[in-house]
Number of protein chains: 2
Amino acid sequence: MNTIQSYIKDNKQRFLNELIELLKIPSVSADSAYKKDVLLTADFVLESLKKAGCDNVEMCETPGYPIIYGEKIIDKNLPTVLVYGHYDVQPADPIELWTSPPFEPVIKNTEIHPEGAIFARGACDDKGQMYMHVKALEYMTSTGNLPCNVKFMIEGEEEVGSESLAWFVPRNTEKLANDVIIISDTGMIANDIPSITTGLRGLSYVEVEVTGPNRDLHSGLYGGAVANPINILTKMIASLHDENNHITIPGFYDNVEELSTEERAEMAKAPFSLEKYKDALKIGDVHGEAGYSTNERNAIRPTLDVNGIWGGYTGEGAKTVIASKAFAKISMRLVPNQDWKEITELFKKHFESIAPKSVTVLVKPHHGGQGYVTPIDNTAYKAASKAYETSFGKTPIPQRSGGSIPIVALFEQHLKSKTILMGFGLDSDAIHSPNEHFGVWNYLKGIETIPYFYKYFTEMSK
Amino acid sequence: MNTIQSYIKDNKQRFLNELIELLKIPSVSADSAYKKDVLLTADFVLESLKKAGCDNVEMCETPGYPIIYGEKIIDKNLPTVLVYGHYDVQPADPIELWTSPPFEPVIKNTEIHPEGAIFARGACDDKGQMYMHVKALEYMTSTGNLPCNVKFMIEGEEEVGSESLAWFVPRNTEKLANDVIIISDTGMIANDIPSITTGLRGLSYVEVEVTGPNRDLHSGLYGGAVANPINILTKMIASLHDENNHITIPGFYDNVEELSTEERAEMAKAPFSLEKYKDALKIGDVHGEAGYSTNERNAIRPTLDVNGIWGGYTGEGAKTVIASKAFAKISMRLVPNQDWKEITELFKKHFESIAPKSVTVLVKPHHGGQGYVTPIDNTAYKAASKAYETSFGKTPIPQRSGGSIPIVALFEQHLKSKTILMGFGLDSDAIHSPNEHFGVWNYLKGIETIPYFYKYFTEMSK
């Protein structure tokens, strides 16, 4: 099956050009101003699946953005792989920190990507990694190397909680029936240290609004006598972590899975340099929950972060005002066994309970999802591992990720199948940040590795 | 001198129309986008002083916006009154909360203003109150009732710290020489309870910037392991007040003037209903420093308020990001004897000292000013008191205001003269807030009262 290498060699430029076209469309699902572009991106994905050899390609309507479905069924008796990905992207702001426009993709060389990296919002998360699967399918169908059945399900609301997918999946369990789900929406440790993500954190995302006086007030005439909603909000948020950076919400840790000393020791073997980590982020020190290492803090422990805060006068110069309202967007990363709906309730109850009588508080749940852990002894993991060995020449390391793909738990619940997370991005690719990029080498390596997974999974499933 | 009443009766509509024209120009000094309008407003004031009978009217250049000067010297041996006011206004935002456009003045009746109030940004602070003096002068010059010399000094940077005035005054002490300074930029207790402001708070206004990682990060991949600048900022701000709402900055209270039990008892006589106060602001409870009443908290005690805060994603929907930076605008109201420069230094030193190693902190001082107390036994206060008695038929109550007019202390330092604060606005006029307004009755009452002050001050100065 060495022809995959030659196929990539012959089509490399086209593979890059097609992805660049896809990246030019600003499919920001969080901002309704981009609705037209999100729909244009759906069309693009639909057409690319047809070209790659999919049958029955359709744009499935949902309460929100459409889900693109396509399939290639070659033999009912062969296993079926379901590919999941998303065509929407994170907002690009803060726009001023981008060195090139987020939706005008350019290839630049970096220290970590000497062969170049595509800089654009969505380059890695998830357009680039999703499109690897489309191109891998194109190779398999056009060269007669597709060893099993395949289905694609590409959604447009992953960055805002996949609500329409949660609506779609239970209504289409037959159409989506499969033996394994494959997703490339995570990362690996390094280009010379391939890894497979075996754990994901859950998520609870809420927005809070603190209201004081019924109008903005002059801070001289009222300052000191009336509750300032911004000051109160800072007090309330600050109280959510204690001096050891434990989260203070009652019941928050009740169901948190405690790893054994052995498991933690196993995790600790993953290569990691605290100095390099701090240097890469230009921080004087790390900061987190007492008693846990950096890799544990962002993988096996739950967190609470303010993702946005605003209130009062934020313009040029000075305004001596006491704002009537203050706002914050707060997200909690959850670990397996923490139920996101329950945690959201606990947060709401607690946050409302700590509000002083001088203000009123509104907690609006945004969205959320459950955590997930993949067993490393199942066929899918073994096939993926062998695929990496073949293309990378190295056995991949199983790794817990701090990120969340809530729908993975949803898939297991409704489709009764396991998900294998084959990510080819790097933490340094700046997903969700200005100057997001995806290594050209990583993009092509993904296209190379995926067909091996199909091959080995089919063989091992016999 | 009853002709002032008839003069007002005959010219009432013109007085209103002229003020409305002045209010139509959006002279927002804090926002450079309005520079042209601020300068147009300066022209308007210049012309209106000429029309009112001033001689030697000039637009005095400064490093910032011009100061309008004009004078009417009738006899070197008579006392000289210096009128100070400002032609700039606060920003209008949040614009969406205005019931009519901030720079399209309209007269509406309200419960407190049955004879109507002019709704517009600057209606009360300070265009309306400044223009009362121009119209009072017009009356005195056009009817031969000017009993003494008068000088006008109207600036355009009061809402952003009066830096150019601080540059101008020491350079023009002779031009500005006077026996008393009169300012209408404060309020009174109620239309049937005239009061004279005898105390002002000082101000220190700073902007803080907390920087964590060198770029925005994915809150899943880094959440819990890296200091979140917004969470850190909330912790730092929250720590600035203890559980009794005392400010925790070391040395902050060192020079705070402690009033005697007698003085506090005297203050407590001012009519005040906590229920009405809470109801007017629609708040469940007041909030402030333990051991002090509401009127003490906003008058004789120093405060620390966040006037604006921002960081991370504040747009529609959800973004799971850890921001690289978080910001806040913080102002401290100071009482007499607290030096604003010293307090600014104390804040800077303390705020930097409480920053954890995981972030860097930048404190940018904006501007500030000293507090001030007027003695109530001097000629100016007595003359003002008698003027109110004549026009209101009631003796005014001396009142400490929580607001700041930093330049009052500046005047005393360089011009060696006392300032009398004759304010005709009400706390409910919503200055610095949406729907700022100024009662038509108050506007005309001010025009009526001012000439009496000139008369009595001249008589008492003999």
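Please read these numbers as outputs of a predicted model, since none were measured by experiment. (Residues numbered from 1 in each chain as written. Chains lettered and ligands numbered in written order. Predicted model: local features only at pLDDT ≥ 70, side-chain atom pairs only at ≥ 80, totals over all residues. Heavy atoms only, no water.)

Quick notes on the sheet that holds strand β14 (residues 325-334) of chain A
Sheet strands pair by backbone hydrogen bonding; their relative direction is either parallel or antiparallel. Here we have eight strands laid out as an open sheet, ordered β15(A)-β10(A)-β14(A)-β12(A)-β11(B)-β13(B)-β9(B)-β14(B), and antiparallel in their pairing. Both outer strands of the open sheet, β15 (360-369) of chain A together with β14 (360-369) of chain B, are each paired with one neighbouring strand and no more. Averaged over all adjacent pairs, the angle separating strand axes in this sheet is 20 degrees, with direction ignored. Bridge count for strand β12 (residues 303-312) of chain A against β14(A) is eight bridges, and the pairing is antiparallel. The partner of A:V306 across the bridge, within β14(A), is A:I330. (Pairing = 2+ DSSP bridges. Helix = DSSP H or I, 4+ residues; strand = E, 2+ residues; numbered from the N terminus. Axes fitted to C-alpha atoms, helices over the stretch in contact; angles between N-to-C directions.)

Quick notes on the UniProt feature "domain: Peptidase M20 dimerisation" (unreviewed entry) in chain A
The sites that carry the UniProt feature "domain: Peptidase M20 dimerisation" (unreviewed entry) are, in the present numbering, residues 199-357 of chain A. Between the C-alpha atoms that bound residues 199-357 of chain A the distance is 42 Å, and the span itself is 27% helix and 23% strand. (UniProt positions renumbered as here; feature names shortened; annotations may be inferred.)

Let's talk about the side chain of B:H86
Residues and elements named next belong to chain B. Among the structural elements, H86 can be located in strand β3 (residues 80-86). What makes H86 buried here is its relative accessible area of 0%. Among the polar contacts made by the side chain of H86, one reaches the side chain of D88 at a distance of 2.9 Å. Here E158 takes part through its side chain, which lies 3.3 Å from a polar atom of the side chain of H86. (Buried < 20%, exposed > 50% of the residue type's maximum accessible area, 1.4 Å probe, protein only. Polar contact = N/O pair within 3.5 Å; in protein donor to acceptor, adjacent residues only side chain to side chain.)

Quick notes on the packing of helix α1 (residues 3-23) of chain B against helix α13 (residues 440-461) of chain B
Residues and elements named next belong to chain B. In the contact formed by α1 and α13, the axes pass within 10 Å of each other and the chain directions differ by 130 degrees. What the angle tells us is that α1 and α13 run oblique. In this structure, α1 crosses over α13, and the sense of that crossing is right-handed. Along the contact surface, α1 presents I4, Q5, I8, K12, F15, L16 and L19, while α13 presents V440, Y443, L444, I447, E448, P451 and Y452. Here the contact of α1 with α13 is built from residues that sort into eleven nonpolar, one polar and two charged. (Parallel < 35°, antiparallel > 145°, perpendicular 65-115°, else oblique. Left-handed = near helix turned anticlockwise from the far one by under 90°. Contact = heavy atoms within 4.5 Å. Nonpolar A, V, L, I, M, F, W, Y, C, P; charged D, E, K, R; others polar.)

A look at helix α10 (residues 379-392) of chain A
Residue and element names in this part refer to chain A. The end-to-end C-alpha separation of α10 is 20 Å, in line with the 20 Å expected for 14 residues at 1.5 Å each. When α10 is considered as a whole, its buried residues turn out to be A380, Y381, A383, A384, S385, A387, Y388, S391 and F392. Along its buried surface, α10 packs onto β7 (180-183), β8 (187-188), β9 (195-200), β17 (397-400), β18 (419-421) and α12 (440-461). G393 lies just past α10 and shows a positive phi near 75 degrees. (Expected span 1.5 Å × (residues − 1).)

Section: the relation of the copies chain B and chain A
Overlay of chain B on chain A (RMSD 0.1 Å): rotation 180 degrees, translation along the axis 0.1 Å. The transformation relating the two chain copies, once decomposed into turn and shift, fits a two-fold axis. When you check the interface residues of chain B against chain A, 100% turn up at the interface there too, and the contact is symmetric in its surfaces. (Least-squares fit on C-alpha atoms with pLDDT ≥ 70 in both.)

Some words on the environment of A:Y7
All names here are of chain A. Here Y7 lies in helix α1 (residues 3-23). As for Y7 and Y34, which are separated by 27 residues in sequence, their C-alpha atoms are 36 Å apart. Beyond its immediate stretch of four places on either side in the chain, Y7 contacts R14, F15, E138, Y139, S142 and T143. At a separation of 3.4 Å, a polar atom in the side chain of Y7 contacts the side chain of S142.

With respect to unusual backbone geometry
All names here are of chain A. At the junction of D93 and P94, the peptide bond is cis and its omega measures out at 0 degrees in the coordinates. Looking at where P94 falls in the secondary structure, it is placed in the loop between β3 (80-86) and β4 (106-108). That bond from D125 to D126 is cis: its omega, -5 degrees, falls within 30 degrees of zero. For A430, which is not a glycine, the phi torsion comes out positive at approximately 60 degrees.

So, the confidence of the model for chain A
In the predicted model, chain A carries a mean pLDDT of 94, and the fraction of residues at 70 or more is 100%. Taken together, the chains of this predicted complex give a pTM of 0.77 and an interface ipTM of 0.77. (pLDDT = per-residue confidence, 0-100.)

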